Amino acid sequence: MTTIDRLVAGLDLKQKARLISGGSTFRTTAEPDLGLGPVVTSDGPVGVRGERWDESDTALLLPSASCLAASWDEELVAELGGLLAAEATRKGVHLLLAPTLNLHRSPLGGRHFECFSEDPLLTGRIGAAYVRGVQAGGVAATAKHYVANDSETERLTLDARVDERTLREVYLAPFEAAVRAGVWAVMSAYNRVNGTPMSESPLLTEPLKGEWGFDGLVVSDWGAVRSTEGPGGAGLDLAMPGPNEHWGERLVAAVEAGLIPEAAIDDKVRRYLRLAHRVGAFDPPTGTPPAPTPTDPATLALLRRAASAGAVLLRNEGGLLPLDPARLRRIAVLGPNAATARAQGGGSAAVFPVATVSPLDGLRAALPPGVELLHLPGARTGTRPTPVEAADCRDPRSGEPGLLVRYLDADGRELHSERRLSGRVLEPSVSTDLTAARTVEIGTVFRATVTGRWLLGVIGLGQVLLRADGRTLIEEYVTPESDDPTYLHVSPSYRQAELELTAGQEVTLLARRTVEAAHGRAFSLAADPPGGSAEAAVAAAVELARSADAVVVVVGTTEEYESEGFDRPSLRLPGDQDALVAAVAAANPATAVVVNSGGPVLLPWREQVRAVLLGWFPGQEGGHALADVLLGRAEPGGRLPTTWPGTEADVPVLDTRPVDGVLTYGEGLDVGHRGWLRAGAEPAYWFGHGLGYGRWAYASLRLPQTVAPGEAFTAWVTVRNTGTRVSREVVQLYLSRADSALPRPVRWLAGFAAVTAAPGEQVEVPVRVEARAVQHWSVSACAWATEPGTFTALAGASAGALPLSGDLTVG
């Protein structure tokens, strides 16, 4: 009998059920009889927020997952995983709820910034590197959301209908790669797959725990366990958050009634204890407070390098980039995302960094004193209210910059108060028991910066109130529009009212909302200045562009446009950004556009500008990294992890809306670039595309003549750097099968490898291809099979640029 078996045998049924039913929002239940503390969890994947959702609890902010995948660099991702493990340890976190291994099935998916790519192989390899990096630091990684949670619309209830072969070859493949990498935890998804909720799906048992041999823990997505017997009898091991009303005592009753075998509970507890042992939950807590968020040069340099490694140079006509500061006297930096960095996506993955570097700040720090930097936003993009910041207000109690937040009981007595630096309050900054709180109140003395009709607002649910100098502007009950956790706890509904203010005028604002169990506690006080006309904003930006030697326009998405909890309504950039770019490009041909988004957007002006650089959501050091790339101090090392369309009409798989609760994956194996090839359509930029600052010639492809079924092989691709600087290339190998007896994609990614070479240097690059690349899932045999015959290998720089090809025989 193993140690874990002895521990399980020493627990009674109630103790077992309590262990696997969650303890609180982000903690499991301790078991003193075993000397076991709680397992502490935290959202990821771009930072370790910890247990509190609070501006005072800061964290390192990495580039978005789509940016990491764009690096096609497993070593870099593993190194960043180690950084996340150190952050988790600093915050006392055992289980990091990341990485997200769902695919970019449709470019409209609202959460693509949190997912790696459209391709199962690239997602699997990058995800496995992430897992290895995190767990090397003694922290558990969590492969999520298992499985087919590839869009946000109706994500809590939708039924994804996916055929067995497609499930195996496409959507389960990244999770299998994570298990092969030794992942310690897997999170089941909210949605159903082929009629069954994933929290009680047989897929949790087979292939996960059986065929793949996963010995870790399956944890539910938060709030996904909505019944007792189904999940209790299935492969789900831990219900979170807790205590979960459907488990605990109800789980005990179900076992005692013979509805669930106790052996199933024992297996869950065994897996939970194994995880607890792996992450050190049996060790006594140190009792030392967390160290400050790291700001040392080495850490910041790694974050900076990661952002530039994932930046993708889509277009660079005439070599506009990199810019040469010695030839420039004046640079215009335009666009709504230039001065205010969008460093991360919205939703549960968001963290509070110590500071973020905007593109404007990054360029300002990097340029020599003789270069003048000019800025105008040129367009407005936001539609949701903007929470007030400390720079524009003061605490009415202390007089210091910021706002006063108070939690009141039913009689209006103050339970807790604190000064905040932002009008956005998701949770209190202390762990004080505030269960008696019935009202959240935000008060401040706000100072208007311009004259006009300001939009003042509150963001929150329940009975809300907003007063200005004692005058009631808003008083109504805001009923929840959704039960989605992101809506309730991060981005609830809002109400706004107009108030005429003059520049420099101070006004005392008081906002309140009721606290109700089902509504969360998120509350914000917001203020937006009067807006001028869109035409005037573009015209002013154009005048600035005309006076500059070079123009950098930073465009992108907003939190209300690209976030967890909803899919995007279209691929257009929000607001008047397209008009801004077109007008600026017409005024100054030396225009480079930086795209600040987590997933694909339409670029209708891409042929009108000389350079297009995709910066993704670059993390806290994004501004410095952007300056490095624009000025040539670092190469834009990224290659697209997802195909970018030219128009929405061309996208093979676009709609994410379920019909009568069902979302049919009718495209089968043809997701992403495979779908574009099947449709015979030409995207704006193919999967794998990225120019860098080098130029590469593909010289030859060497293949084995025959490959035995079930064996990996190596292809050798000879490339030469024909450019003038050291450069990195990602060599990609695709396979096709023209005479196949079964349906296959036109071609599919089979392997890739990166190489760095000096100018004029020629290198033969080995590209390893795993046996699975030539296998298919046989539904009749319920096993992987190999179809003997001739496969064609194609090598090149993207799915649409493959100059080399050759045949090899399998079997």
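Here the structure is a predicted model, which means the values were calculated and not measured. (Residues numbered from 1 in each chain as written. Predicted model: local features only at pLDDT ≥ 70, side-chain atom pairs only at ≥ 80, totals over all residues. Heavy atoms only, no water.)

Caption draft 1: Molecular detail of the overall build of the chain. Of the regular secondary structure elements, the chain holds 18 helices and 36 strands. Expected size for 811 residues packed as a compact globule is a radius of gyration near 28 Å; at 27 Å, the chain falls within 12% of this value. For the C-alpha atoms alone, the extent of the chain along its principal axes is close to 85 × 80 × 50 Å. Counting over 811 residues, the chain shows a buried share of 61%. (Helix = DSSP H or I, 4+ residues; strand = E, 2+ residues; numbered from the N terminus. Rg over C-alpha atoms; globule rule 2.2 N^0.38 Å. Buried < 20%, exposed > 50% of the residue type's maximum accessible area, 1.4 Å probe, protein only.)

Caption draft 2: Looking closely at the side chain of Asp628. Its place among the elements puts Asp628 in helix α17 (residues 622-630). Accessibility expressed as a relative area gives 10% for Asp628, which makes it buried. Among all residues touching Asp628, those that are not within four sequence positions of it are Arg304, Arg633 and Ala634. (Contact = heavy atoms within 4.5 Å.)

Caption draft 3: Quick peek at the pairing of strand β3 (residues 140-146). Burial within β3 is extensive, with 7 of its 7 residues counted as buried. Where strand β2 (residues 95-97) meets β3, 2 bridges bridge the pair, whose relative direction is parallel. Paired with Leu95 across the strands is Ala140, a residue of β3. With respect to chirality, the unit in which β2 leads through helix α5 (residues 120-135) into the neighbouring parallel β3 is right-handed. Two elements, β3 and strand β5 (residues 185-188), share 3 bridges in a ladder whose sense is parallel. Counterpart to Thr142 in the pairing with β5 is Ala185. (Pairing = 2+ DSSP bridges. Right-handed = clockwise from strand over helix to strand, strands pointing away.)

Caption draft 4: Expanded view of empty space enclosed by the protein. Counted according to the given criterion, the structure contains 4 cavities of 30 Å³ or more. For the largest cavity, the calculated volume is near 180 Å³. Here the lining of the largest cavity gets 5 residues from one element, more than from any other, and that element is α17. Per-class residue counts for the lining of the largest cavity are 14 nonpolar, 7 polar and 1 charged. (1 Å grid on protein atoms, 1.4 Å probe; cavity = no way out; pocket = protein on both sides within 12 Å on 5 of 7 lines; lining within 4 Å. Points joined across faces, edges and corners; volume = space filled by probe spheres on them. Nonpolar A, V, L, I, M, F, W, Y, C, P; charged D, E, K, R; others polar.)

Caption draft 5: Spatial organisation of the pattern of salt bridges. Evaluation of the coordinates by the stated rule reveals 58 salt bridges. Where Glu559 meets Arg424, a salt bridge forms, and the shortest distance between an N and an O atom there is 3.7 Å. Remark: Arg424 occurs in strand β15 (residues 424-425) and Glu559 occurs in the loop between β23 (550-556) and α16 (577-587); sequence separation between them is 135 residues. Assessed through its relative accessible area of 32%, Glu559 is described here as partly exposed. Salt-bridge contacts for Arg495 lead to Glu476; the nearest nitrogen and oxygen are separated by 3.0 Å. (Salt bridge = Lys/Arg side-chain N within 4 Å of Asp/Glu carboxyl O.)

Caption draft 6: A look at the sheet that holds strand β11 (residues 372-376). The mixed open sheet is built from 6 strands, whose spatial order is β9-β25-β24-β23-β10-β11. Each edge of the open sheet is held by one strand with a lone partner, namely β9 (312-316) and β11. Adjacent strand axes in the sheet meet at a mean angle of 15°, parallel and antiparallel pairs treated alike. In this sheet, β23 lies alongside strand β10 (residues 330-334) in parallel orientation, the contact comprising 4 bridges. When the bridges of β23 are listed, Ala332 appears paired with Val551. (Axes fitted to C-alpha atoms, helices over the stretch in contact; angles between N-to-C directions.)

Caption draft 7: Broad picture of the packing of aromatic side chains. One pass over the full model with this rule turns up 12 aromatic pairs. Consider the rings of Phe446 and Trp454, whose centres lie 5.3 Å apart with planes at 75°: the pair is edge-to-face. We classify Trp454 as buried; its relative accessible area is 3%. Here Trp777 and Trp784 contribute two aromatic rings whose centre-to-centre distance is 5.3 Å and whose plane-to-plane angle is 75°, an arrangement assigned as edge-to-face. What makes Trp777 buried here is its relative accessible area of 3%. Among the aromatic residues, ring-to-ring pairing joins Trp72, Phe687 and Phe752 into one connected group. Against the face of Tyr665 rests Arg105, its NZ or CZ located 4.0 Å from the ring centre. Seen from the ring of Phe791, Arg737 lies directly overhead, with NZ or CZ sitting 4.7 Å from the centre. (Phe/Tyr/Trp six-rings, centres within 6.5 Å; stacked < 30°, edge-to-face > 60°. Lys NZ or Arg CZ within 6 Å of the ring centre and 35° of its normal.)

Caption draft 8: Layout of helix α13 (residues 359-366). Inspection of α13 places Pro359, Leu360, Gly362, Leu363 and Ala366 among the buried residues, and these make up the whole buried set. Down the axis of α13, the smallest arc covering the buried residues is 165°, so these residues share one side. Elements in contact with the buried residues of α13: β10, β11, β23 and α17. (Arc of directions from axis to C-beta.)

Caption draft 9: Molecular detail of the sheet that holds strand β30 (residues 727-736). Pairing within the open sheet is mixed, and its 5 strands lie in the order β28-β36-β35-β30-β31. Because the sheet does not close on itself, it has two edges, and the strands there are β28 (706-707) and β31 (748-757). Both β28 and strand β36 (residues 804-810) contribute to a ladder of 2 bridges, which runs parallel. Bridging from a neighbouring strand, Val707 pairs with Val810 of β36.

Caption draft 10: Spotlight on the packing of helix α15 (residues 534-546) against α16. Contact geometry for α15 and α16: axes closest at 9 Å, N-to-C directions at 30°. By the angle class used here, α15 and α16 are roughly parallel. Classified by chirality, the crossing of α16 by α15 is right-handed. For the pair α15 and α16, contact is made by Val538, Ala541, Val542, Ala545 and Arg546 and by Ala579, Leu580, Ala583, Val584 and Ala587, respectively. When its residues are assigned to classes, the contact of α15 with α16 shows 9 nonpolar, no polar and 1 charged. (Parallel < 35°, antiparallel > 145°, perpendicular 65-115°, else oblique. Left-handed = near helix turned anticlockwise from the far one by under 90°.)

Caption draft 11: Representation of the side chain of Arg168 in the model. Positionally, Arg168 belongs in helix α6 (residues 164-171). Given the relative accessible area of 10%, Arg168 is considered buried. Here Glu211 takes part through its side chain, which lies 2.8 Å from a polar atom of the side chain of Arg168. (Polar contact = N/O pair within 3.5 Å; in protein donor to acceptor, adjacent residues only side chain to side chain.)

Caption draft 12: Main features of the environment of Gly672. Residue placement: Gly672 occurs in the loop between β26 (662-664) and α18 (673-679). When the C-alpha positions of Gly672 and Leu204 are compared, they lie 26 Å apart, and in sequence the two are 468 residues distant. Discounting chain neighbours no more than four positions away, the residues touching Gly672 are Glu118 and Thr643.

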